[in-house]
Protein chains: 2
Amino acid sequence: MTRHDKVRIIEIKKSIFEDNDLEAAQLRNELREQGTFLLNLMSSPGAGKTTTLLRTIEAMKNRYKIGVMEADIDSDVDAKSIATTGIRTIQLHTGGMCHLDAGMTRQGLSEIDAASLDLCILENVGNLVCPAEFDTGASANAMILSVPEGDDKPLKYPLMFSVCDVVLINKTDVIPYFDFDMDRCIANIHMRNPNAVIIPISAKTGDGVEAWVDWLSKELDAYA
Amino acid sequence: MTRHDKVRIIEIKKSIFEDNDLEAAQLRNELREQGTFLLNLMSSPGAGKTTTLLRTIEAMKNRYKIGVMEADIDSDVDAKSIATTGIRTIQLHTGGMCHLDAGMTRQGLSEIDAASLDLCILENVGNLVCPAEFDTGASANAMILSVPEGDDKPLKYPLMFSVCDVVLINKTDVIPYFDFDMDRCIANIHMRNPNAVIIPISAKTGDGVEAWVDWLSKELDAYA
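Rules and cut-offs
- Residues numbered from 1 in each chain as written.
- Chains lettered and ligands numbered in written order.
- Predicted model: local features only at pLDDT ≥ 70, side-chain atom pairs only at ≥ 80, totals over all residues.
- Heavy atoms only, no water.
- Pairing = 2+ DSSP bridges.
- Helix = DSSP H or I, 4+ residues; strand = E, 2+ residues; numbered from the N terminus.
- Axes fitted to C-alpha atoms, helices over the stretch in contact; angles between N-to-C directions.
- Contact = heavy atoms within 4.5 Å.
- Core = buried A, V, L, I, M, F, W, Y, C linked by side-chain atoms within 4.5 Å.
- Buried < 20%, exposed > 50% of the residue type's maximum accessible area, 1.4 Å probe, protein only.
- Phe/Tyr/Trp six-rings, centres within 6.5 Å; stacked < 30°, edge-to-face > 60°.
- Buried area = accessible area lost by both parts, 1.4 Å probe.
- Polar contact = N/O pair within 3.5 Å; in protein donor to acceptor, adjacent residues only side chain to side chain.
- Nonpolar A, V, L, I, M, F, W, Y, C, P; charged D, E, K, R; others polar.
- Least-squares fit on C-alpha atoms with pLDDT ≥ 70 in both.
- Disulfide = S-S within 2.5 Å.
- Right-handed = clockwise from strand over helix to strand, strands pointing away.
- 1 Å grid on protein atoms, 1.4 Å probe; cavity = no way out; pocket = protein on both sides within 12 Å on 5 of 7 lines; lining within 4 Å.
- Points joined across faces, edges and corners; volume = space filled by probe spheres on them.

Colleague: If you had to explain the sheet that holds strand β1 (residues 8-11) of chain B to someone new, which residues and values would you point to?
Modeller: In sheet architecture, strand pairing relies on hydrogen bonds along the backbone and comes in two forms, parallel and antiparallel. Residues and elements named next belong to chain B. Spatial ordering of the open sheet is given by β1-β4-β3-β5-β2-β6-β7-β8, a layout of eight strands whose pairing is parallel. Since the sheet does not close on itself, it has two edges, and those belong to β1 and β8 (197-200), each with one partner. The average undirected angle you get between the axes of adjacent strands in this sheet is 20°. Two strands pair when backbone bridges link them, and strand β3 (residues 66-72) and strand β5 (residues 119-123) are joined in this way by five bridges, in the parallel orientation. Within β5, the position partnered with V68 by the bridge is I121. Lying over the sheet, helix α2 (residues 49-60) contacts β2 (37-43), β3, β5, β6 (140-146) and β7 (166-170), oriented at roughly 175° with respect to β3. In the packing of helix α8 (residues 209-223) onto the sheet, contacts are made with β2, β5, β6, β7 and β8, and the angle to β2 comes to roughly 145°.

Set out below in structure tokens:
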């Protein structure tokens with residue numbers, strides 16, 4: 001089997017459900033009953049979702065059964081990267097859609113056989129607007145804000161920061177080369193969401209990844 | 001008048017037109033008749049639209065009458081930055097919408113009195129997905145891809161690269177700190193859009209901005 005053969009591409013269809021919130025609540029209950037924690041990971045394009053996932057999987061794959069659903073409008077470059085870790089990976093193509101709703105997420109979960117996983121991670125479409133508006137049914141929402149994007153993003157994309165349980169501030173290794181004020185960034189995030197857990201990381205160097213893996217492991221252990 | 005007073009905030013409403021392509025074509029014709037060039041500027045969040053605009057305005061404001069419409073879901077931080085240049089600036093709030101269509105753009109053009117401008121720039125919502133799907137009626141589409149986002153973005157957001165006349169590759173000053181291959185990036189863009197003009201710039205240092213200003217000035221002079 002070549003590396004390319006490992007990644008199945010699933011064309012998911014727009015949800016038929018009219019009430020996404022209801023569908024999401026049902027899906028969240030089903031996931032809890034079957035003991036699968038679904039993490040919905042969101043960010044702008046290029047904020048480092050895939051690199052962060054590679055680090056996360058490396059740190060956690062011996063302890064938990066992990067699978068990844070890569071959602072993209074097109075291409076399978078990220079799914080191929082994730083598949084190199086040896087964990088179960090599928091590529092979801094959204095057919096031009098800018099987000100996933102609960103019905104689309106359910107299609108992916110069925111294809112990846114999520115019931116046999118402890119942790120299923122949905123890498124959502126790179127977009128700070130639309131994915132925040134649709135509950136996928138996830139057990140937790142995480143987002144990555146990267147240093148080059150700037151510390152003012154919580155002012156401009158309020159809903160995304162409001163719906164996330166945890167915000168990773170990625171690419172801390174390049175802070176010296178950008179006008180980025182970490183204290184101001186944290187204050188801006190907490191203005192939108194006082195309960196957000198904020199973890200600065202560099203997925204490139206590995207700095208801070210341990211704190212993130214600790215947070216996620218505790219969530220998983222409390223869930224089981 | 002305080003700095004804050006200079007920026008009017010307009011709440012634009014979802015378009016009532018069913019056929020956006022038709023409405024966009026009509027708007028484009030009207031703009032041509034009145035001699036206003038509308039530039040639709042798109043990018044991911046934090047790619048440097050506002051900083052690029054500040055450089056562009058500084059280089060062109062003595063030669064052309066310029067106005068800027070800043071579109072955002074919330075906040076007016078960008079409009080305040082642009083207003084410091086002394087040019088006409090309004091803030092458009094999209095009411096949660098992830099893009100502008102031709103009808104929404106028309107509302108903004110009316111509010112800014114575009115007929116008295118040579119160049120009106122629409123800074124679209126930071127998003128690589130939805131703005132590409134809606135023709136605003138602009139005379140030209142431009143996008144900014146920033147180095148930290150990665151050279152693979154044309155593979156993942158094909159439509160955005162297809163609809164743009166010009167692609168600025170911004171933040172070239174930080175290339176040494178990222179795994180970014182300029183040749184591969186250019187090849188990926190041209191795969192999506194063989195006619196795209198590609199101009200590497202650093203809005204921070206000013207590097208390459210002259211080539212961009214030359215391109216835009218030539219478009220304006222040919223349009224007049």
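Colleague: Quick one: what's the story with the sheet that holds strand β5 (residues 119-123) of chain A, residue by residue and with numbers?
Modeller: Residue and element names in this part refer to chain A. One open sheet holds the eight strands; their spatial order is β1-β4-β3-β5-β2-β6-β7-β8, and the pairing between them is parallel. Edge strands, defined here as strands with exactly one partner in the open sheet, are β1 (8-11) and β8 (197-200). Neighbour-to-neighbour, the strand axes of this sheet turn through a mean angle of 20°, independent of strand direction. Of the pairings in the sheet, the one linking strand β6 (residues 140-146) to strand β7 (residues 166-170) comprises five bridges and is parallel in character. Paired with L145 across the bridge in β7 is I169. Contacts from helix α2 (residues 49-60) reach β2 (37-43), β3 (66-72), β5, β6 and β7 within the one sheet, and its direction differs from that of β3 by about 175°. The strands that helix α7 (residues 182-192) touches are β6, β7 and β8; relative to β7, the one it contacts most, it runs at about 155°.

Colleague: Can you lay out unusual backbone geometry for me, pointing to particular residues and giving the numbers?
Modeller: All names here are of chain B. Even without being a glycine, D113 presents a positive backbone phi close to 55°. By secondary structure assignment, the location of D113 is in the loop between α4 (102-112) and β5. Positive phi values are uncommon outside glycine, yet K171 reaches one of about 70°. Along the chain, K171 falls in the loop between β7 and α7 (182-192).

Colleague: Quick rundown of the nonpolar core? Include the residues and the values.
Modeller: The biggest cluster of nonpolar side chains holds 143 residues, and the ones touching the most others in it are W212 of chain A together with W212 of chain B. Other than its neighbours up to four places away in sequence, W212 of chain A contacts L39, T52, T56, A142, V166, L168, I199 and I201 of chain A.

Colleague: Give me the packing of aromatic side chains: which residues, what numbers.
Modeller: With the rule as written, the count across this model stands at six aromatic pairs over all chains. Here Y177 of chain A and Y177 of chain B contribute two aromatic rings whose centre-to-centre distance is 3.5 Å and whose plane-to-plane angle is 5°, an arrangement assigned as stacked. With Y177 of chain A in the loop between β7 and α7 and Y177 of chain B in the loop between β7 and α7, this pair bridges two chains. Residue class for Y177 of chain B comes out partly exposed when judged on its relative accessible area of 29%.

Colleague: Break down the side chain of T94 of chain A for me, with residues and values.
Modeller: With respect to the helices and strands, the residue T94 of chain A is situated in the loop between β4 (88-93) and α4 (102-111). On the basis of relative accessibility, which here comes to 3%, the residue T94 of chain A falls in the buried class.

Colleague: Which residues make up the interface of chain B and chain A, and what values go with them?
Modeller: At the junction of the two partners, chain B supplies 33 residues and chain A supplies 33 residues. Summing the contributions of chain B and of chain A, the shared interface buries around 2600 Å²; its carbon and sulfur component is 59%. When the buried surface of chain B facing chain A is broken down by residue, P45, K156 and Y177 of chain B rank first, second and third, together holding 23% of it. On inspection of chain B and its partner chain A, the count reaches eight residue pairs in polar contact (both at pLDDT 80 or more). For the side of chain B that touches chain A, the elements supplying multiple residues, two or more each, are α3 (77-83) and α5 (153-156) of chain B. Broken down by element, the side of chain B that touches chain A gets its largest block of residues, three residues, from α5 of chain B. Its residues placed into classes, the side of chain B that touches chain A shows 15 nonpolar, six polar and 12 charged.

Colleague: Now, about the relation of the copies chain B and chain A: what can you tell me, with residues and values included?
Modeller: Of the two same-sequence chains, chain B is brought onto chain A (RMSD 0.0 Å, axial shift 0.0 Å) by a rotation of 180°. Both copies are brought into coincidence by an operation consistent with a two-fold rotation axis. Here 100% of the interface residues in chain B have copies in chain A that are interface residues too; the copies meet face to matching face.

Colleague: Provide a residue-level description of the state of the cysteines, including the pertinent values.
Modeller: For the coordinates displayed, the defined rule picks out zero disulfides over all chains. C120 of chain A takes part in no disulfide bond, and the closest cysteine sulfur to it belongs to C164 of chain A, at a distance of 17 Å. Sulfur of C130 of chain A: no disulfide; nearest cysteine sulfur belongs to C130 of chain B and is 3.3 Å away.

Colleague: Before we move on, can you summarise the pairing of β4 of chain A with the specific residues and values?
Modeller: Residues and elements named next belong to chain A. Within β4, five of the six residues are buried, which leaves it mostly tucked inside the rest of the structure. Bridging between β1 and β4 involves four bridges; their strand directions are parallel. Paired with R8 across the two strands is I90, which belongs to β4. Relative to β4, β3 runs parallel, the two being bridged by six bridges. Within β4, the residue paired with D72 across the bridge is H93. Each parallel crossover has a hand, and for β3 linked through helix α3 (residues 77-83) to β4 it is right-handed.

Colleague: Quick rundown of empty space enclosed by the protein? Include the residues and the values.
Modeller: A full pass over the atoms with the stated rule returns one cavity of 30 Å³ or more. Looking at the largest cavity, its volume works out to about 50 Å³. Lining the largest cavity are 13 residues, and of these P45, S146 and E149 of chain A together with S146 and E149 of chain B sit closest to its centre.

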